[in-house]
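# Observations on the model geometry
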Amino acid sequence: MKRTLTIVAFVAMAFTLPKELFAQTFSYAAYPGDNVLYYTVLYGRSVKLTYQNSPSSSSSYSNLSSFVSIPDSVEYNGQFYYVTVVDAYAFYGCGQITNVSLPVTIETIGDYAFGNCTSLQTINLPKNLFSIAGGSFNGCTTLSTINYEADSLSYYFFPWGNLPVFDRLANNAVLNIASNVKVIPAGLFDDCGFKFINF
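Residues numbered from 1 in each chain as written. Predicted model: local features only at pLDDT ≥ 70, side-chain atom pairs only at ≥ 80, totals over all residues. Heavy atoms only, no water.

Looking now at the sheet that holds strand E4 (residues 67-69). Pairing is parallel across the open sheet formed by 6 strands, whose spatial order is E4-E7-E9-E12-E15-E16. Sheet topology places E4 and strand E16 (196-198) at the edges, where each strand pairs with a single neighbour. Neighbouring strand axes in the sheet, compared pairwise and without regard to direction, differ in orientation by 15 degrees on average. Pairing between strand E12 (residues 145-148) and strand E15 (residues 174-177): 4 bridges, direction parallel. Note on E15: the bridge partner recorded for Tyr148 is Ile177. (Pairing = 2+ DSSP bridges. Helix = DSSP H or I, 4+ residues; strand = E, 2+ residues; numbered from the N terminus. Axes fitted to C-alpha atoms, helices over the stretch in contact; angles between N-to-C directions.)

Following this line, the structure appears as structure tokens:
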């Protein structure tokens, strides 16, 4: 009897919990004609940018333009949410993307988030980025400009062992380090072979 009451109480409590505690995925475009991107509610007022198609498919998004600007906030059911995470495999295999603009609200980039984006040329690592996974930019063979602004990046993690964040960059790759940056995590740019590093 006690066990039955406990289960009933738990179910009743679940119906009273805020909607935000349950994973909800929705699409959003900042303005008519903009790229439609998909987001999942995380907690409080934050969301992660996720993939449209299964990560096992050849491309996580099928109809993106060459320039992708990720907004710092999105609206869902009359509420605004900050975009704080780029999900693992979010843009995996999106060969049409050439430039991505990440907002200052981004704190985490998941593994293979931009993996095999074979036309990607420019990326910025924003000021509040705190963690970045191994393989995030694996196979980005045309990536030639990295604008590094992250003064909060204290570590990066490897979900699949010692997998580098960057791999097989363009031969003429340039790293631009913003004046606010004091420390760069050891090993973050191992074997990148930058042609120029600008401070």
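Further remarks concern the packing of aromatic side chains. For the coordinates displayed, the defined rule picks out 14 aromatic pairs. Between Tyr92 and Tyr112, the ring centres sit 6.1 Å apart and the planes meet at 75 degrees, which makes this aromatic pair edge-to-face. With Tyr92 in the loop between strand E6 (79-86) and strand E7 (99-101) and Tyr112 in the loop between strand E8 (108-109) and strand E9 (122-125), this residue pair connects regions lying 20 residues apart in the sequence. Assessed through its relative accessible area of 17%, Tyr112 is described here as buried. Arranged with centres 5.2 Å apart and planes meeting at 5 degrees, the rings of Phe114 and Phe137 form a pair that is stacked. Remark: Phe137 occurs in strand E11 (residues 137-138) and Phe114 occurs in the loop between E8 and E9; sequence separation between them is 23 residues. In this structure, Phe114 and Phe137 share a single accessibility class: buried. Members of the aromatic cluster, connected to one another through ring pairs, are Tyr38, Tyr61, Phe91, Phe114, Phe137, Tyr148, Phe166, Phe189 and Phe194. (Phe/Tyr/Trp six-rings, centres within 6.5 Å; stacked < 30°, edge-to-face > 60°. Buried < 20%, exposed > 50% of the residue type's maximum accessible area, 1.4 Å probe, protein only.)

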